[in-house]
Amino acid sequence: MQQFLRIIKQAALPLAIGSWLLLLFMMLMRTGGIPKIATLPNWALLVAQGVFAGAVFLYRRYQPDPLRGTDFVGLLRRLVLGPGLLATICVALHLVQRLTSAQPSNPAFFTIVYALNLGLFIVFLAYTCYTWRALVLFRAPYLVHKQWGWFELILGITLLLRLLNINVPTMLAGIVVGGVAAFGVYLSTHQRWVAYLNRRQKFVVISLQLGLLASLGIFCLYFLRIQFDPLLVAPAPQHAFLLLTVFFAAFYALMGILVTLFNLPTAGVFEQKREEMLNMQRMTQDIQRGQTEEQVYQTLLDAAVQTLGADAAWLRIDDSPDYSGQLYNLEMHQAEAVRGLLDSYSLSEIDYLNNDLGSSGGFQQLALPYNSLLMMPLRSQKQQHGALFLFREQRQGFERDNLSILQTFVSQTMLSVENLQLTQAAIQNERYKEELKLASSVQDSLIPKTLPTDNWFEISSHAQAAREVGGDFYDFLHLPGRRLAILIGDVSGKGVTAAFHMAQMKGIFHALMQENPLAKDDKDRFPLPSKFMAMANRALVHCLESSSFITASLYIVDYENGGFVFARAGHCHTLYYHSLKEEVSYFRSTGLGLGIIRTDGYEKHIKNQFYDYNPGDVMVIYTDGIVEARDGNKEEYGEDRLLAMLEKTYYLEADQIKQAILDDLNAFSYGQPIHDDQTLLVIKFKTAQPGSSA
Amino acid sequence: MKITQTPSDTTLTLVLDGELDASSSVLLDTELSNPTVLQYQKVLIDCQRLNYISSAGLGVFISHLQRFQDAGVKLVFFNMQEKVHNVFEILGLDSLMTIVPSQTEAAAL
């Protein structure tokens, strides 16, 4: 089949030319233009004519689709100016010659012109039919493609009718031809392409189709005129085929003209919609390109003014720090006056359309040079950002339709603006996170990384902040004479504020634990814990806000004398294992938190406690994040559990004790978020190795 | 956290119900910041149903302590649960604030 088609495609053109030459030759022979070789029967001429028509149509059929994209005007122009014009000129010349000279022409010349015209007419019909095919099948469903195939087939059969010389009754022939014509009429209803033309193109198309119809008419006139000419030597060509193709070609053109004509009144609307759509597209792209809110808002103003043909406009933005809006052909005082008027009517929150400002009281007094006003608030789901005012000089300047267009623009804009704001918020958020990370690492550096080591004690520590930065702190300081100061504390609240005060506390610790060179007594060279707390309280009063406070405990351990002194400023009680008594208990001393009393007299509320320790004693100091950790039932870990843990683990190394406590705590609060900073220090006193003292 | 006010001629009683944490302490702060509170001779805080107090909650009382003292208003806590009392005690607030076992004792002060 493929092979056959290819042969047909290649043979069509030579066959067409050959059959036409043969036809010409035979006709000339009949008229005596060339010597007669034999008497030619009518059917020979008819076969030549039929082969010629069939070959031309086939040739045209297998040419590439003449329609390029949606260039319908180009398609019709090529058809009318190409074969149409050529054929028409030829026929017209002949007609003119016939009309001007009354003398009967030379029969040979007449015959040549006839053959030429017949050929051109068929070529012209073939071109027209296949141009129509391109239009009929333009974006048509598969069904129509199939129907066209049948139409072609039936036309091909009619070509054979006359050839076979079948004597069909006139009635039947009429019905068959009428049926095929009806089929052609049906196919002519496929005029989908007309919708793709704009107003100007529609006019061009109508004139081109008129031109085409004129060409057809001239041909028909010619053939009708010469039908009974005595000079005509050839039998009449295949009537049914030519009749049908002429009918189809003419009818399709006619339908096209009618459809285009009826489309003309709506062309304006169509184009406007199209313009709006293009605008919308352009705006969407522009808005997405907008880098700042200002750019996005300006695009909105441009698009609104352009699309709605406004003569003046005001875009008012209320909530942008760097952009307050824009005026177009309008003075600020005029704009504010309009706004004030709408406000006084309580109309500033809804879409407002007034097409006759001149006759509405309030606006009349403003004496604006505009007669139509369209106002639309710029509203997103969350809030109103501003409003857009559009003015036109003419009355009835805006239509209800305009509102919906504008609404689309506005919602598009609001979406973009909010996206921009979200992006900016995200960037800002990222920056905060970075800064918090920085704060976290700064705070981390404030917590001692290396724990003091000596042979008379061992220390193990654990610190975990509930957030990036926390309010817990601890610190160590070696004092002369084999003494060690240990500070632990907790700033009320969490987060950055707490972290600031924690850093302050560290500074106070290091500042106050300096040697006093004027001290006479060895004991007075460093402040006692209670003295330290009193001084710290005084220092903190100036920088703590009234609802904040700090709890702290300061221990000064003196190895030489085997004892320690501490003061507890509102901080958690110290848990202690007494190795001599083999007993675990809390030191329940009194002491007020720092920053609570802001007047003098704090010293009354803080006491020192002295204790002589023994090797093997264990001291556990911690913050309330440990004892207030909760389980799923909201129960707190509590002092009792902590005490019980030390009872079980006191004989272990400091590190192991700490780990055991943490394991127990984590098992207790498993699955619960850490809601407060947790700090835990375990100090175990040991027997010093003789001679290895620091 | 639910805060119920029961005013009488000279006394304002606040009943705290629930947990006084960072968010609910804002409510309490609003109540105590009301200038009319300083017109009473006594402000009694009923802590019977106060299950938990965070440092933020303590901070609210601490920040108003001086103000109440200056205005001559007595701040008295009563019916305090053991664990909440423990928190006051650890911080040393029991030496600054008046905490009594029952409402009758509070009223008698």
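The residue numbers shown here count from 1 along each chain, following its written sequence. Just so you know, chain letters begin at A and ligand numbers begin at 1, following the order they were written in. Given that the model is predicted, a residue must reach a pLDDT of at least 70 before its local features are reported, and side-chain atom pairs must reach 80 or more before they are shown or counted; all residues, however, enter totals for whole chains, interfaces and linings.

Chemist: I'm lost on the overall build of chain B in this one. Help?
Modeler: Check the secondary structure of chain B and you find four helices and five strands. Going along the chain from the N terminus, every DSSP run of H or I of four or more residues is numbered as a helix, and every run of E of two or more is numbered as a strand. Walking chain B from its N terminus toward its C terminus, one meets helices and strands in the order β-β-α-β-α-β-α-β-α. Three exposure classes are used, all based on how many other C-beta atoms lie within 10 Å of a residue's own C-beta (placed from the backbone): buried at 20 or more, exposed at 12 or fewer, and partly exposed between those limits. The proportion of buried residues among the 109 residues of chain B is 35%. Two residues qualify as being in contact provided that their C-beta atoms, derived from the backbone, are within 7 Å of each other. Restricting the contact set of chain B to residue pairs at least 6 apart, pairs at least 24 apart contribute 73%.

Chemist: How do you make sense of the overall build of chain A when you look at a structure like this?
Modeler: Looking only at helices and strands, chain A has 17 helices and 15 strands in total. Looking at the 694 residues of chain A, the share that counts as buried comes to 36%. Across chain A, contacts joining residues at least 24 apart in sequence account for 73% of those joining residues at least 6 apart.

Chemist: Please clarify how the sheet that holds strand β2 (residues 325–328) of chain A should be interpreted in this entry.
Modeler: Strands belonging to one sheet form pairs held by backbone hydrogen bonds; the direction of such a pair is parallel or antiparallel. Residue and element names in this part refer to chain A. Pairing is antiparallel across the open sheet formed by five strands, whose spatial order is β2-β1-β5-β4-β3. Unpaired on one side and paired on the other, β2 and β3 (352–354) mark the two borders of the sheet. Across the sheet, the mean angle from the axis of one strand to that of its neighbour is 10 degrees, orientation sign disregarded. For two strands to be treated as a pair, DSSP must find no fewer than two bridges joining them. When strand β1 (residues 312–317) meets strand β5 (residues 384–392), the two strands line up antiparallel, connected through six bridges. Residue pairing for β5: A313 is matched across the bridge by L390. Fitting a line to C-alpha atoms yields each axis, with helices limited to the stretch in contact; the angle taken between N-to-C directions then spans 0 to 180 degrees. In this fold helix α9 (residues 293–308) packs onto β1, β2 and β5, with an angle of close to 155 degrees to the strand it touches most, β1.

Chemist: How should the pairing of β5 of chain A be read in this particular structure?
Modeler: Along any regular strand the residues' side chains alternate between the sheet's two faces. All names here are of chain A. Among the nine residues of β5, seven are classified as buried, and the element is accordingly described as predominantly covered. In terms of strand pairing, strand β4 (residues 372–379) meets β5 through eight bridges, oriented antiparallel. Note on β5: the bridge partner recorded for R379 is Q384.

Chemist: Is there a simple way to think about the interface of chain B and chain A in this case?
Modeler: Quite often, the size of an interface is put as the accessible area lost when its parts meet. With 12 residues of chain B at the interface, the matching set in chain A holds 17 residues. Looking at the side of chain B that touches chain A, the elements with two or more residues in it are α2 (55–71) and α3 (82–91) of chain B. With seven residues, the single largest contributor to the side of chain B that touches chain A is α2 of chain B. Asp, Glu, Lys and Arg are counted as charged, while Ala, Val, Leu, Ile, Met, Phe, Trp, Tyr, Cys and Pro are counted as nonpolar; the rest, among them Gly, fall into the polar class. Tallied by class, residues from the side of chain B that touches chain A come to six nonpolar, six polar and no charged.

Chemist: Could you clarify how one ought to interpret the nonpolar core in this entry?
Modeler: Side chains of a nonpolar character, in soluble globular proteins, are inclined to be buried together. Residues and elements named next belong to chain A. Buried Ala, Val, Leu, Ile, Met, Phe, Trp, Tyr and Cys residues whose C-beta atoms connect them within 7 Å together make up a nonpolar core. With 97 residues, the main nonpolar core has M533, L554, L646 and L681 as its most contacted residues. In contact with L681, other than residues within four places in its own chain, are I459, S461, Y474, I488, I621 and Y622. V80, W132, W193 and Y222 belong to the second largest nonpolar core, which has 57 residues in total.

Chemist: Would you take a moment to explain unusual backbone geometry for this structure?
Modeler: One non-glycine residue, S346 of chain A, adopts positive backbone phi at about 55 degrees. Checked against the element boundaries, S346 of chain A lands in the loop between α10 (332–344) and β3.

Chemist: Which parts of the structure should I look at to understand the environment of F549 of chain A?
Modeler: Along the chain, the position of F549 of chain A falls in the loop between α14 (529–541) and β9 (550–558). In this structure the C-alpha to C-alpha distance between F549 of chain A and H501 of chain A, which are 48 residues apart in sequence, comes to 9.4 Å. Residues within four places of F549 of chain A in sequence aside, it is in contact with S492, L544, G593, L594, G595 and I596 of chain A together with G59 and I62 of chain B.

Chemist: Any chance you could explain the pairing of strand β15 (residues 678–685) of chain A here in plain terms?
Modeler: Residue and element names in this part refer to chain A. Buried residues dominate β15, accounting for eight of its eight residues. Pairing geometry for strand β6 (residues 457–464) and β15, over eight bridges, is antiparallel. Across the sheet, the residue bridging to A463 is T679, located in β15.

Chemist: Would you explain α2 of chain B in this entry?
Modeler: One turn of an α-helix holds 3.6 residues; hence residues three or four places apart share an orientation. Residue and element names in this part refer to chain B. For a helix, the expected span equals 1.5 Å multiplied by the number of residues minus one. With 17 residues, α2 should cover 24 Å at 1.5 Å per step; its first-to-last C-alpha distance of 25 Å lies within 8% of that length. At every residue, the bend is computed as the angle between two fitted axes, covering the seven residues ending there and the seven beginning there respectively. Of all bends in α2, the biggest is about 35 degrees, found at L65. Lining the buried residues of α2 we find β2 (11–20), α1 (24–33), β3 (42–53) and α3. Of the residues trailing α2, G72 is marked for its positive phi of about 75 degrees.

Chemist: I tried to follow the sheet that holds strand β14 (residues 618–622) of chain A on my own but got confused; where do I start?
Modeler: Residues and elements named next belong to chain A. Strand order across the open sheet formed by five strands is β6-β15-β14-β11-β12, with antiparallel pairing between neighbours. Edge positions in the sheet fall to β6 and β12 (583–587), since each of these pairs with one other strand and no more. Strand after strand, the sheet turns through a mean of 15 degrees between neighbouring axes, direction not considered. In the sheet, β14 pairs with β15 via five bridges, with the strands oriented antiparallel. Bridge pairing in β15 links Y622 to L680. Across the sheet, helix α17 (residues 654–668) is in contact with β6, β14 and β15; its angle to β15 comes to roughly 145 degrees.

Chemist: Where do I start with the environment of L86 of chain A in this structure?
Modeler: All names here are of chain A. By the secondary structure assignment, L86 is in helix α3 (residues 72–100). Given 14 C-beta atoms within a 10 Å radius, L86 is considered partly exposed. As for L86 and F124, which are separated by 38 residues in sequence, their C-alpha atoms are 9.1 Å apart.

Chemist: Teacher, can you tell me more about the confidence of the model for chain B here?
Modeler: Interpretation of this model should avoid reading the predicted coordinates in detail wherever pLDDT is low. For chain B, the mean per-residue pLDDT works out to 90, and 100% of the residues sit at or above 70. If you check the scores for this complex, the pTM reads 0.57 and the ipTM reads 0.92. As a per-residue measure, pLDDT tells how confident the predictor is, with possible values from 0 to 100.

Chemist: Would you mind showing me how to read the packing of helix α12 (residues 400–446) of chain A against helix α13 (residues 495–512) of chain A here?
Modeler: Packed helix pairs are characterised by how far apart their axes lie and by the angle those axes make with each other. Residue and element names in this part refer to chain A. Orientation of α12 relative to α13, taken along the N-to-C sense of each, is 30 degrees, at an axis distance of 11 Å. Classified by the angle between their axes, α12 and α13 sit roughly parallel to one another. Two packed elements cross with a definite hand, and for α12 against α13 that hand is left-handed. The residues of α13 that touch α12, namely those facing A439, Q443 and L446, are V496, A499, A503 and K506. Of the residues assigned to the contact of α12 with α13, the class counts are five nonpolar, one polar and one charged. Angles are sorted into four bins: roughly parallel if under 35 degrees, roughly antiparallel if over 145, roughly perpendicular if 65 to 115, and oblique for all others. By definition, any crossing whose near helix is turned counterclockwise from its far helix by less than a right angle is left-handed, and any crossing with a clockwise turn is right-handed.

Chemist: Sorry if this is basic, but what is going on with the packing of helix α4 (residues 107–136) of chain A against helix α7 (residues 199–226) of chain A here?
Modeler: Residue and element names in this part refer to chain A. Contact geometry of α4 with α7 gives a least axis separation of 11 Å together with a crossing angle of 145 degrees. Crossing angle aside, the handedness with which α4 passes α7 is left-handed. For the pair α4 and α7, contact is made by Y114, N117, F121, F124 and T128 and by L212, S215, F219, Y222 and I226, respectively. Taken together, the residues of the contact of α4 with α7 break down into seven nonpolar, three polar and no charged.

Chemist: In this structure, what is going on with the environment of D631 of chain A? I would like to understand it.
Modeler: Residues and elements named next belong to chain A. Tracing the backbone shows D631 in the loop between α15 (624–627) and α16 (638–649). Residue class for D631 comes out partly exposed when judged on the 14 C-beta atoms lying within 10 Å of it. In contact with D631, not counting residues within four places along its chain, are F668, S669 and Q672.

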